[in-house]
Structures are given as structure tokens and as C-alpha cells.
Amino acid sequence: MATYSPPRSETPNPHVAVLPSPGMGHIIPLWNLANRLATDHGCHVSYLNITAEASPAQIQLLSSPNLPPTLHVIDIPPAKEPTQLPDDTLAFTRLCHIVDDNLRELKSILLDLGKPKALVIDIFCTQAFEVCKELSIPVYTFYTASAALFAFSLYLPVMDHEIECEFVDLPEPVRVPGCSPIRTEDLIVQVKNRKIEEYKWFLLHSTRLPMAAGMLLNTWKEFEPITLKAIKENPFYHQIPAPLSYPIGPLIKETEPITQSGADCLAWLDNQPPESVVFVALGSGGSLTAAQLTEVAWGLELSGQRFIWVIRAPNDVDPTAAFFNVGDKTNNPKTFLPEGFLERTKEVGHLLSSWAPQCEVLRHQSTGAFWSHCGWNSTLESMTYGVPMIAWPLYAEQRMNASVLAEDVGVAVKPAVNPEKGVVSREEIKRVVTTIIKSEKGKDMRRKARELSESAATALSRSENGSSYESLVRVVQEWKGN
Ligand code: UDP
């Protein structure tokens, strides 16, 4: 483990530890928070890195040479006797076991670090509550998904207690107090079957949420106004022994490592007309079935529009197939793309294997739309840069995000699955790609995304006393006063 002697408690700058769970969708936002705390809020930060099963993308991100001097990565060595899991264990269950195994030494790690003033955890690291109670270290959670899912998580223990059937069999949408109704088919995947281990882990972590000393949310007032108002004002949330929740987002990557293939992709973008390119990237874990991948290729080709495609080998069983090895560039697209596709699209398309510098692409003026699985970080990144989306949910709570983006916020178009074929057809793909790049409807979505981009910048602005900036200031003040 890395050795680091943090300043002792006499310093006015609090020392806090930050603990992400595995998976880039968790590692990245906690990393963004750690950087913010170190650069803008005068904190000394120890970022606790679970090294077991680290993906190439994780290793690359955390080995950045340009860290702020007050941010240190503390490697947690892989657990000695990890739980042996069958190969077909679902990604979320695997994630929860990795955390469980690798936090066995958390107490001694925190003691070695001289007992930080606070520990900020990812929501799937709630084992830390028990340990920190013993050490009298307050624990704050950083919820890496939407405030809507956060509110659902707070309500889930009530649903579990009161509802006997499967939630997906309910005749009506789920009504979380004060929030917009959630269609049962849009519920987070982990609660769609209450008999399996995924559900038990999700319920366990959700039940422990109110043990936090404070809950940080990666969102902002203008993006989720109804939910944030509900959490603040609805009596349901007042009777939970839950402390204050702080919207501090959107915290997204400010810099990211650029590999040679990333640099080539950005150079290619430099030569495209403004707002003309569809960026296709399905998060850190997303994979398509072979049949769907073929339709996507044909749909892009038929649309005639420019595209960047972060392509991964198809997987017919698991849409999260790349979750624990993302950034691994061993696949050869020629072996699974339609014959001649690369040749025919070489003037308009650019392919990357496995991983792209997503924020750099989204920020680029040639990018016109983001074809995304609607993971929360990808959603925040797209809105930060004012880019409308093609919503292509694959796993976790992405269906919920996709519906909100398309139906409530109006910044996304959602392709329809062909019920006979069980895939989104090439004709439908052509339609949505053309709609978002070429039509008035697409322009409208871009305008709304831009408005959100502006409100995000204001929320984070120090000089304008932005709501999210001020929320984080209040949290740090608690640490200073503790
Ligand atoms: N990401 C990236 N390049 C890629 C794919 C993903 O940089 O090719 C980053 C993306 O910018 C985001 C994170 O990985 O910060 C994915 O998080 P998200 O919550 O969107 O989805 P998840 O991977 O957790 O499903």
C-alpha cells in the first residue's frame, strides 16, 4: 500500500478519505470529487483505490502524473482470500463481493492515515459505516446516479416491506413520494427480480443510506427540479433519519488521459463540419448482441451521417460484458462488422476500440449528438457540453434515465425496438440518427441541452455563488468545524 503521512488535525485544511466502488462509472465521479476537494476547497484527500480486478482504464486514470499536491492515491492491495464466484455472476453482485472482500482492512487503513476527518463513500461501499462508527469518523455518501434513483433508493425499504409481489408486476407506475412516476419496465434492473442476489445487495445498500452524516448528489437544481424539491420538502423524507442531502453536480472529468487512438480520434474530429458527428459510446461496460451490432452498423451506414463509434466485441448474453476489463483493446472489429462496412464508411466514420476520451469528444464543436447508454456520468457529461442524445439504455437504471431525458427533459430521442426481431432495426436507427443531426426536432433538443449546459456552469460557478458550488462549501465547512 502507498505510504502517505497526511497532515494532523491542527491544520485548517481537513484531511478526508474518498472510497469508490469498482467500475469506471463509480471510480470516475469519486475521482472528480476528490480532485475538486483538493483543488477548490483546500482539502487533503486520500483516494482509496480498490486494486482487485482493476481494468486498464482504471489503471490509466489513476496513474495520472499531474495530481494536485494534496491528492494522494492509496492502493488497497487485493484481498488475500477473495470470495470465489461462478463465471456467470452478474456484474453488480460481483462488484458487491469485491467491495466486501477488499474492505476487510479498512479500519487499519484509516488508522494508518491518521483517522481522516470524514470518509466519503460510493453508495455500494456501505460496509464502511460499521468500521467508521468504531473510529468515530463521519461517513458521507456520494450518490453516483440521479437524484431520482436516490429518492427511489430511500423509498425502496418501504416498498420492500409493503409490497408482496414483484415490483414489475404492479399494475401502476411506482410513485416515489413527491417524484415523477416510474414505469415498472423502467425500474432499475437490480429490483426487477426480488429473489436474486442482485436485489438483496441493492436493498441492503439502500437501507443503510440514512446512516450517512450527509449525502452528496451528482446533480443540480435546474436538471432535476421536481425530485430535489421533493427531497427537500416532502414529509416522507423528513421522517427518515436521513441527514441533509447536497446537490453538488454536475461533477465531471476536467481532464482525462489521451492515448494515441484518442488523439487520432480528436484529430479526425477537427476535420469534420460543426455539429455533424454522432458519437456512439456505451459507457464502461456496454456491449451489444451480434444481431444488434449488425443493425447498428447498417443503420449508421444507411443514415449517411458522420460518426465516431467506440466499438467492442458483441456479447449475446451480457450487456455489461466489458465492465471489469474496459480499455482492453484486444478485439478486432473486422471479425464482427458486416463485410465491407469499414471500406464503405471510411469517409464518414471513425472507429475506436473499447475506450474514447469521451469528454474531449463531447466538448468538440464537430460533435452533434451522443448515442449513449444513458449511464449517469455520460448523461451529465452530455448536458455539460450541451449535446443532445440518442438514448440507448442497456443495464442498471439506464431505462429510467433514458425515459426522463426523452420524455420529461426533451434532450433525447429514444429508438423503438422492433418487437418481432427483438432488436432496433437499421431503418429505425437511420431515422433517429437523421432526426437528431438534421431535423428541426434535433435542433430543438440541442437548444434545450445548451440551456442545461449554461445552468450547469452557473451551478458550479464560484464567482456567481452557484448552488452546487455553495453546497460543497457547506459540506467542507462541516469538516472544518468537526
Ligand atoms: N467513458 C470514457 N470513454 C469511453 C466510455 C466511457 O471516458 O469510451 C467514461 C465516461 O466519460 C463516463 C464513464 O466512463 O465518465 C462511464 O460512466 P457512466 O455512468 O456513463 O456509465 P457506466 O460505465 O457506469 O455504465
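Residues numbered from 1 in each chain as written. Predicted model: local features only at pLDDT ≥ 70, side-chain atom pairs only at ≥ 80, totals over all residues. Heavy atoms only, no water.

A. Summary view of the sheet that holds strand β3 (residues 71-76). Sheet architecture is open: 7 strands sit in the order β3-β2-β1-β4-β5-β6-β7, paired in parallel fashion. Every interior strand has two partners, whereas the edge strands, β3 and β7 (245-247), have only one. Averaged over all adjacent pairs, the angle separating strand axes in this sheet is 25°, with direction ignored. Relative to strand β5 (residues 139-143), strand β4 (residues 118-122) runs parallel, the two being bridged by 4 bridges. Each bridged residue has a counterpart across the sheet, and for L119 the counterpart in β5 is V139. Sheet contacts for helix α18 (residues 467-481): β1 (15-19), β4, β5, β6 (214-217) and β7; angle to β7, the most-contacted strand, approximately 140°. (Pairing = 2+ DSSP bridges. Helix = DSSP H or I, 4+ residues; strand = E, 2+ residues; numbered from the N terminus. Axes fitted to C-alpha atoms, helices over the stretch in contact; angles between N-to-C directions. Contact = heavy atoms within 4.5 Å.)

B. Quick peek at unusual backbone geometry. The linkage connecting G249 with the following residue, P250, adopts the cis geometry, with an omega of 0°. In this fold, P250 is placed in the loop between β7 and α10 (260-270). At S354, a residue that is not glycine, the phi angle is positive and equals roughly 75°. With respect to the helices and strands, the residue S354 is situated in the loop between β10 (349-353) and α13 (358-363). The class for S354 is buried, based on a relative accessible area of 3%. With a phi close to 65°, C374 is a non-glycine residue in the positive phi region. In this structure, C374 sits in the loop between β11 (367-372) and α14 (376-384). The class for C374 is buried, based on a relative accessible area of 0%. (Buried < 20%, exposed > 50% of the residue type's maximum accessible area, 1.4 Å probe, protein only.)

C. Geometry of helix α17 (residues 440-460). With 21 residues, α17 extends 31 Å from end C-alpha to end C-alpha; this agrees with the ideal 30 Å at 1.5 Å per step. What α17 keeps buried is the set G442, M445, R446, A449, L452, S453, S455, A456, A459 and L460. N-capping of α17 is provided by S439, with a side-chain oxygen placed 3.2 Å from the backbone N of K441. (Expected span 1.5 Å × (residues − 1). Polar contact = N/O pair within 3.5 Å; in protein donor to acceptor, adjacent residues only side chain to side chain.)

D. Structural context of the site of the ligand. Looking at the ligand, there are 19 residues lining it, with K253, S284, S378, E381 and Y395 nearest. In this structure, K253 approaches the ligand through a side-chain N or O atom, which is 2.7 Å from an oxygen atom. At 2.3 Å, a side-chain N or O of S284 approaches an oxygen atom of the ligand. Relative to its free-state accessible area of 530 Å², the ligand is covered by the protein chains to the extent of 96%. Of all the elements in the fold, those that place two or more residues in the shell around the ligand are α1 (24-40) and α14. By residue number, the principal contributor to the shell around the ligand is α14, which donates 4 residues. (Near = heavy atom within 4 Å. Areas by Shrake-Rupley, 256 points an atom, 1.4 Å probe, with all protein chains shown as cover.)

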